[in-house]
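Now for the letters of each chain:
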Amino acid sequence: MYRTHTCGELRLADAGKEVTLAGWVQRVRDKGALVWIDLRDRYGITQLLLDEKSDPKLVEQARTFGREYVIQAKGIVIERESKNAKVPTGDIELRVEQFTLLNSSKTPPFTIEDVSDGGDDLRMKYRYLDIRRNPVRQNLELRHRMAMLVRNYLSGLGFLEIETPMLIKSTPEGARDFVVPSRMNPGEFYALPQSPQQYKQLLMVAGMDRYFQIVRCFRDEDLRADRQPEFTQIDCEMSFVEQEDVLNTFEGLAKHLFKEMKGLEFDQFPRMTWQDAMKYYGSDKPDIRFGMKFVELNDVVKGKGFGLFDNAELVVGICAEGCSEYTRKQLDALTEFVKRPQVGAGGLVYIKYNVDGTFKSSVDKFYTAEDLKVVASAFGAKPGDLMLVLCGEAMKTRVQLNALRLEMGNQLGLRNPDVYAPLWVIDFPLLEWDEETQRYYAMHHPFTAPKPEDEALLDDPSKWGEIRANAYDIVMNGVEVGGGSIRIHDRTLQNKMFHTLGFTDEKAQEQFGFLMGAFEYGAPPHAGLAFGFDRLCSLFGGADSIRDFIAFPKNNAGRDVMSGSPAPIAQEQLDELQIALNLK
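Below you will find a few notes about this structure. Because the structure is a prediction, the values reported are computed rather than measured.

Points about the packing of aromatic side chains
Consideration 1: What the rule picks out here adds up to 24 aromatic pairs.
Consideration 2: Ring geometry for Phe306 and Phe366: centres 4.9 Å apart, planes at 40°, overall tilted. Remark: Phe366 occurs in the loop between strand E15 (359-361) and helix H11 (369-379) and Phe306 occurs in the loop between helix H8 (298-301) and helix H9 (307-310); sequence separation between them is 60 residues.
Consideration 3: The buried category is assigned to Phe306, whose relative accessible area is 11%.
Consideration 4: Relative accessible area serves as the criterion here: at 29%, Phe366 is assigned to the partly exposed category.
Consideration 5: One aromatic cluster is present, formed by Phe258, Phe266, Phe269, Tyr420 and Phe540 through successive ring pairs.
Consideration 6: Across the ring face of Phe290, the terminal group of Arg405 is positioned such that the distance to the ring centre comes to 4.0 Å.
Consideration 7: In this arrangement the basic side chain of Arg439 is found over the ring face of Tyr441, its NZ or CZ atom lying 3.8 Å from the centre.

What to know about the environment of Asp267
Consideration 1: On the secondary structure map, Asp267 appears in the loop between helix H6 (243-262) and strand E11 (271-273).
Consideration 2: The class of Asp267 is exposed, set by a relative accessible area of 70%.
Consideration 3: Sequence separation between Asp267 and Lys255 is 12 residues, and the spatial gap between their C-alpha atoms is 8.9 Å.
Consideration 4: Beyond its immediate sequence surroundings of up to four residues, Asp267 is in contact with Glu251 and Lys255.

Structural notes on the sheet that holds strand E14 (residues 349-353)
Consideration 1: One open sheet accounts for five strands, arranged E12-E13-E16-E14-E15; its pairing is antiparallel. In the strand order of this sheet, the two ends are held by strand E12 (295-296) and E15, each with one partner.
Consideration 2: Both strand E13 (residues 314-320) and strand E16 (residues 385-392) contribute to a ladder of seven bridges, which runs antiparallel. The residue bridging Val315 from the neighbouring strand is Cys391, located in E16.
Consideration 3: Helix-sheet contacts for helix H10 (residues 328-339) involve E14 and E16, and the interaxial angle to E16 is about 30°.
Consideration 4: Where H11 meets the sheet, it contacts E12, E13, E14, E15 and E16, and its direction lies at approximately 90° from that of E15.

Examining the nonpolar core
Consideration 1: Ranked by size, the top nonpolar core spans 73 residues in total, and within it Met146, Leu154, Phe250, Phe531 and Leu536 carry the most contacts.
Consideration 2: Among the elements that take part in this core, H6 stands out by supplying eight residues, more than any other.
Consideration 3: When neighbours within four sequence positions are excluded, Phe531 is seen to be in contact with Thr232, Gln233, Ile234, Phe250, Leu253, Ile474, Val481, Gly482 and Leu536.
Consideration 4: In this structure, Phe290, Tyr326, Tyr350 and Leu390 belong to the second largest nonpolar core, which totals 24 residues.

A closer look at the pattern of salt bridges
Consideration 1: Taken as a whole, this structure holds 45 salt bridges when the rule is applied.
Consideration 2: A salt bridge links Glu68 to Arg132, with the nearest nitrogen and oxygen atoms 2.7 Å apart. Taken together, the positions of Glu68 in the loop between helix H1 (56-62) and strand E4 (70-79) and Arg132 in the loop between helix H3 (127-130) and helix H4 (134-156) put the pair 64 residues apart, joining distant regions of the chain.
Consideration 3: A relative accessible area of 3% places Glu68 in the buried class.
Consideration 4: The partner of Arg487 in a salt bridge is Glu237, with the nearest N and O atoms 2.8 Å apart. You can see Arg487 sitting in the loop between strand E21 (479-486) and helix H13 (491-500) and its partner Glu237 sitting in strand E10 (residues 230-239), a full 250 residues away along the chain.

So, the environment of Val419
Consideration 1: The residue Val419 is located in the loop between helix H12 (394-411) and strand E17 (422-426) in this model.
Consideration 2: Considered as a pair, Val419 and Arg535 are 116 residues apart in the sequence and their alpha carbons are 16 Å apart.

Notes on H12
Consideration 1: If you check H12, its first and last C-alpha atoms are 26 Å apart, about what 18 residues at 1.5 Å a residue would give, namely 26 Å.
Consideration 2: Those residues of H12 that fall on the buried side of the exposure criterion are Ala394, Thr397, Arg398, Gln400, Leu401, Asn402, Leu404, Arg405, Met408 and Gly409.
Consideration 3: Looking at the buried residues of H12, the elements they touch are helix H7 (274-281), E12, E13, H10 and E16.
Consideration 4: Once H12 ends, the next one or two residues include Gly413, with phi positive near 70°.

Let's talk about the packing of H7 against H12
Consideration 1: With their axes 8 Å apart at the nearest point, H7 and H12 run at an angle of 65° to one another. Put simply, H7 runs roughly perpendicular to H12. Side by side, H7 and H12 meet where Trp274, Met278, Lys279 and Tyr281 of the first sit next to Met395, Arg398, Val399, Asn402 and Arg405 of the second.
Consideration 2: Its residues assigned to classes, the contact of H7 with H12 shows five nonpolar, one polar and three charged.

As for the state of the cysteines
Consideration 1: All chains considered together, the criterion is met by zero disulfides.
Consideration 2: Distance from the sulfur of Cys236, which forms no disulfide, to the nearest cysteine sulfur (Cys217) is 12 Å.
Consideration 3: Cys323 takes part in no disulfide bond, and the closest cysteine sulfur to it belongs to Cys319, at a distance of 8.6 Å.

A look at a nonpolar patch on the surface
Consideration 1: A surface patch of nonpolar side chains, about 240 Å² in accessible area, is lined by Met166, Leu167 and Tyr190.
Consideration 2: Within the secondary structure layout, Met166 lies in the loop between strand E6 (160-161) and strand E7 (179-181).
Consideration 3: Of the residues examined, Met166 reaches a relative accessible area of 33% and is grouped as partly exposed.

Description of H4
Consideration 1: Helix length check: H4 (23 residues) gives 33 Å between terminal C-alpha atoms against 33 Å at 1.5 Å per residue, within 8%.
Consideration 2: For H4, the complete set of buried residues consists of Val136, Arg137, Asn139, Leu142, Arg143, Met146, Ala147, Leu149, Val150 and Leu154.

Thresholds applied
- Residues numbered from 1 in each chain as written.
- Predicted model: local features only at pLDDT ≥ 70, side-chain atom pairs only at ≥ 80, totals over all residues.
- Heavy atoms only, no water.
- Phe/Tyr/Trp six-rings, centres within 6.5 Å; stacked < 30°, edge-to-face > 60°.
- Helix = DSSP H or I, 4+ residues; strand = E, 2+ residues; numbered from the N terminus.
- Buried < 20%, exposed > 50% of the residue type's maximum accessible area, 1.4 Å probe, protein only.
- Lys NZ or Arg CZ within 6 Å of the ring centre and 35° of its normal.
- Contact = heavy atoms within 4.5 Å.
- Pairing = 2+ DSSP bridges.
- Axes fitted to C-alpha atoms, helices over the stretch in contact; angles between N-to-C directions.
- Core = buried A, V, L, I, M, F, W, Y, C linked by side-chain atoms within 4.5 Å.
- Salt bridge = Lys/Arg side-chain N within 4 Å of Asp/Glu carboxyl O.
- Expected span 1.5 Å × (residues − 1).
- Parallel < 35°, antiparallel > 145°, perpendicular 65-115°, else oblique.
- Nonpolar A, V, L, I, M, F, W, Y, C, P; charged D, E, K, R; others polar.
- Disulfide = S-S within 2.5 Å.
- Patch = residues over 30% accessible without salt bridge, like charges linked within 9 Å, V, L, I, M, F, W, Y side chains within 5 Å.
- Areas by Shrake-Rupley, 256 points an atom, 1.4 Å probe, with all protein chains shown as cover.

Purely geometric stuff here, so don't read any function into it on its own.
Below is the structure:
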């Protein structure tokens, strides 16, 4: 056999055993008469010892080994004279009696160490080497453990893991589809699923009752650190349930993951309506690890002759506790931050509530000390605090202030990745207006049910913006990690929803006829939720980017720099598919 033990397995109790190890050479340390080799595999590192006095030929062989050579070593486990408490195998070493070179290696383009000298692009190009590094390997192990915990937990609640198709029909709503040409049906295309949404609803019609799937999904959209063109969801659906059933079930799953992975226990997750999330945090995924809730100031700052405030739809701000000593340079930097195109504010007003009880602001010309004291009272500010204020169109200003709030949270160390603050956001709008196309779109998808008390508003187009969805998101530390809704299971209501979204009967039948047809055969009330599995893993791993938890991720341009995809295909393949390229 190639090995009797792994490189992370041996302990002092194994001293005297004859063992065989196999792995990669981490490093060779040649001290003349003695040579040590650190041998590494997925499980750890074991030190190998060679003594020139005992076997000079073996030592000469060891000196030919380079980094990342694959070798087999046979020998006796002995106690180390100089122990290393930093590694589990640090009490022992293997006195080598025989080597076998299994494969040589080129010198790797970066060091295979916990802290590497390779940049992101280089390590992405040689991802198979990057995965040998402990941090990446540990991330993939974390992902595996979480997947097993999810499977076992949901299976214990009676959920069935059922696979749904990867080649489906393209749908017009949501992000862009990745499309796949059909050779057998020229001019026709499959789409890769953005989610198994319609199929999991069909499984409820089929009586499967509780379904889940850890499933790959695909969206052709612009990329960020927390997005990939292909990603993984924990996709779930349940029959004969209401919103409370769904929230309790998947809050239970989240708590189980926290307990098993992090040793943390939580009371019931807080809940916040979408309206309150936007009003107090300017985000539908607020980070509630820290305060700085928004304070609206229209009533206390207007009418003082400051045109920007007087003419604004909304004047709103946050209070940064203990920050009155911010320098002019720091305040100018915050002003430049909010004026960046990514934020889009025109400027920033600051009010310092100095520790001696006096005030200093960028609007002293318009506001007296007494006026500023009233503003401070609205904030609940105390001496030593700093108030930061934005104004403008209500929704845009709230979103801009959210960016500033998060930046202050970062500067003040309030967004500790080791602290977790889960939250349910509920009662989203059912529809959102798009200025460019001048029509409403489904905020989630066309199968999301409205709140029962808001259903009648579908008959009044002037009220469509007021309709609340029976939808919910689970948020952790300012990141949406999951979302779902009560589904429409009534054909009449689903048809009304399609008409609201601008579908003709013919178009709705063309796109969703198979689902609507299924609803004619007794569709049960049903609901579901999908977690972003990659995002969950990055949160539990304390990282910002989901790429760190995917074995072979794409870069920010959606490219696999290791394999070179996407790439052109041969003209013969295009001809076979009857596709003519028209590249400009």
